[in-house]
Amino acid sequence: MSNSHQRFAWRCRDRDVSFGELPLLMGIVNVTPDSFSDGGLWLDPTKAVEHALQLVEDGADILDVGGESTRPGSEPVSLEEELRRVVPVVEQLRARTDRLISVDTQKAEVARQVLAVGADIINDVSGCAADPQMISVCAASDCGVMIMHMQGTPQTMQINPHYDDVVREVRSELASGLAKLEAAGIDRRRVVVDPGIGFGKSAQHNVDLLANIAELRAFERPLLIGHSRKRFLSKVLGRPMEERLAGTLGVSIAVASLGADIVRVHDIRETRDALLAWQAITRGVRLAE
């Protein structure tokens, strides 16, 4: 395995998060009835917390809690409903684990309230553009910020997405988003970038982005890849959603080899095992007798 990928520290609240040869594992905790893969499984806050703690046991470094589905065609939920779903989960997790807690939200008030009960990171799929107050909420905090590229909105993003050069355009728009955060007083050391696999991209666009991770690391910021169980894998594999685990693991290994810093996945234990096995072989690890 190449060790040539330069790593960039990430300032997240009072922590300096460092990265090693393997990407950090971000476990998905969907507190929703309608997420594309596991909607409804963890809608009850108690079940969501137990699921998240199992992900920690399985090896998750970060827990990403979301109360509003952003699958293609999904409809927004009210502020009150999203708060009802995520605030109790974050509050309970903060009392029970020291792992980094991220909240996947586009609403500034949700961000404000989850930060107040212990969240470390705001993960905004709109790149902090959907709510005009989001940047100021993040700027007033010392939280980590994840900005993602999305063409359109979850309601429209998969209606014939088009790019002349997907890698160049996504890179350019992420650069603009990063500049807006810096102009608002958010130190770039607090920011992670995400090309938004599956968010306003065709299967070919996703493959092209994943194959060109090196260009997306030019911001000198950690790079998050969220590919788990996504629809483009059915195009690659010719298999339905419930048979996408092996493809997800294959992409996880590929993006780790290309320099991804964080992978956001549903299946933490399987991803950890696959990455550790890949690392052992490529490094020629000496095993204990």
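Every value quoted in this text rests on a predicted model; they were computed, and no experiment measured them. Note that residues are indexed from 1 along each chain, following the sequence as it is written. A pLDDT threshold of at least 70 governs which residues receive local features in this predicted model, and a stricter bar of 80 or more applies before side-chain atom pairs are shown or counted, although totals over entire chains, interfaces and linings include all residues. Side-chain calculation: all heavy atoms of the structure are included, whereas hydrogens and water are not.

1. Concerning the overall build of the protein chain
For step 1, the next point in the chain: A run of H or I in DSSP becomes a helix once it reaches four residues, and a run of E becomes a strand once it reaches two; helices and strands are each numbered from the N terminus. Looking only at helices and strands, the protein chain has 10 helices and 10 strands in total.
For step 2, the next point in the chain: Radius of gyration here uses only the C-alpha atoms, and the compact-globule reference equals 2.2 Å multiplied by the residue count raised to the power 0.38. Relative to its length of 289 residues, the protein chain is compact, with a C-alpha radius of gyration of 18 Å against a globular reference of 19 Å.
For step 3, the next point in the chain: C-alpha atoms of the protein chain, sized along the principal axes, occupy 50 × 50 × 40 Å.
For step 4, the next point in the chain: Per-residue accessibility, obtained with a 1.4 Å probe over protein chains only, is compared with the maximum for each type, and a residue is labelled buried under 20%, exposed over 50%, and partly exposed between these values. A buried classification covers 54% of the 289 residues belonging to the protein chain.
For step 5, the next point in the chain: Taking all contacts inside the protein chain whose residues are at least 6 apart in sequence as the whole, residues at least 24 apart take part in 71%.
For step 6, the next point in the chain: Here, Shrake-Rupley sampling with a 1.4 Å probe gives the accessible areas, and only protein chains in the shown set may cover a residue. On the protein chain, roughly 12,500 Å² of surface is accessible, and the fraction owed to carbon and sulfur atoms is 49%.
For step 7, the next point in the chain: Taken as two groups, the 33 positive and 41 negative side-chain charges of the protein chain have centres that lie 2 Å from each other. Should any heavy atoms of two residues lie within 4.5 Å, those residues are counted as being in contact. Counting rule applied: Lys, Arg positive; Asp, Glu negative; His and chain ends not counted. By convention, charge coordinates are those of NZ in Lys, CZ in Arg, CG in Asp, or CD in Glu.

2. Thoughts on unusual backbone geometry
For step 1, the next point in the chain: Within the chain, Arg 13 stands out as a residue other than glycine whose phi angle is a positive 55°.
For step 2, the next point in the chain: Mapped onto the fold, Arg 13 is located in the loop between strand E1 (10-12) and strand E2 (15-17).
For step 3, the next point in the chain: A positive phi angle is found at Cys 128, which is not glycine, with a value near 65°.

3. With respect to helix H6 (residues 203-211)
For step 1, the next point in the chain: Residues of H6 that are buried: His 205, Asn 206, Leu 209 and Leu 210. Buried residues along H6 cover an arc of 130° about the axis, so they all sit on one side.
For step 2, the next point in the chain: Of the surrounding secondary structure, the elements contacted by the buried residues of H6 are helix H5 (166-183), helix H7 (213-216), strand E9 (224-225), helix H8 (232-237) and helix H9 (245-258). The arc in question is formed by the directions pointing from the helix axis toward the C-beta atoms.

4. With respect to the sheet that holds strand E5 (residues 100-104)
For step 1, the next point in the chain: Between any two strands, at least two bridges found by DSSP are needed for them to pair. The sheet built from eight strands is open, its strands ordered E8-E7-E6-E5-E4-E3-E10-E9 with parallel pairing. A strand with exactly one partner marks an edge of an open sheet, and here the two such strands are strand E8 (191-194) and E9.
For step 2, the next point in the chain: Both E5 and strand E6 (residues 121-124) contribute to a ladder of three bridges, which runs parallel. Bridge pairing in E6 links Asp 104 to Asn 123.
For step 3, the next point in the chain: Axes here mean lines fitted to C-alpha atoms, for a helix over just the part in contact, with angles spanning 0 to 180 degrees between N-to-C directions. On top of the sheet, helix H1 (residues 45-58) reaches strand E3 (24-30) and strand E4 (62-66); it is set at about 165° to E3, its chief contact.

5. Quick look at the packing of H1 against helix H2 (residues 79-96)
For step 1, the next point in the chain: Put simply, H1 and H2 touch, their axes get as near as 9 Å, and they point 40° apart. If you check the angle between H1 and H2, you find them oblique. The way H1 lies across H2 gives a crossing that is right-handed. Between H1, through Pro 45, Ala 48, Val 49, Glu 50, Ala 52 and Leu 53, and H2, the contact on the second element is made entirely by Val 89, Gln 92, Leu 93 and Arg 96. Each angle gets one of four labels, with under 35 degrees taken as roughly parallel, over 145 as roughly antiparallel, 65 to 115 as roughly perpendicular, and the rest as oblique. Take the far helix as your reference; a near helix turned counterclockwise from it by less than a right angle gives a left-handed crossing, and one turned clockwise gives a right-handed crossing.

6. Some points on the side chain of Asp 104
For step 1, the next point in the chain: Here Asp 104 is to be found in strand E5.
For step 2, the next point in the chain: The buried category is assigned to Asp 104, whose relative accessible area is 8%.
For step 3, the next point in the chain: Every residue in contact with Asp 104, bar those within four places of it in the chain, is listed here: Asp 64, Val 65, Gly 66, Gly 67, Glu 82, Asn 123, Val 125 and Arg 264.

7. Quick notes on the pairing of E3
For step 1, the next point in the chain: Here E3 lies mainly inside the structure; seven of its seven residues are buried.
For step 2, the next point in the chain: By the alternation rule, side chains of E3 split into Leu 24, Met 26, Ile 28 and Asn 30 and Leu 25, Gly 27 and Val 29, which are all buried.
For step 3, the next point in the chain: Two strands pair when backbone bridges link them, and E3 and E4 are joined in this way by five bridges, in the parallel orientation. Residue pairing in the sheet places Asn 30 in a bridge with Gly 66 of E4.

8. So, H1
For step 1, the next point in the chain: Compared with an ideal rise of 1.5 Å per residue, which puts 14 residues at 20 Å, H1 spans 20 Å between its outermost C-alpha atoms and is within 8% of the ideal.
For step 2, the next point in the chain: Residues of H1 that are buried: Ala 48, Val 49, His 51, Ala 52, Leu 53, Leu 55, Val 56 and Asp 58.
For step 3, the next point in the chain: Polar contacts, as counted here, are pairs of nitrogen or oxygen atoms within 3.5 Å of one another; within protein the pair requires one atom able to donate a hydrogen and one able to accept it, and residues that are adjacent in sequence qualify only if both atoms are side-chain atoms. The backbone nitrogen of Thr 46 lies 3.0 Å from a side-chain oxygen of the residue at the head of H1, namely Asp 44.
For step 4, the next point in the chain: Following H1 by one or two positions, Gly 59 adopts a phi angle in the positive range, close to 125°. Multiply 1.5 Å by the residue count of a helix minus one, and that product is the helix's expected span.

9. So, the environment of Ala 116
For step 1, the next point in the chain: Here Ala 116 is to be found in helix H3 (residues 108-116).
For step 2, the next point in the chain: Sequence separation between Ala 116 and Ser 18 is 98 residues; the distance between their C-alpha atoms is 24 Å.

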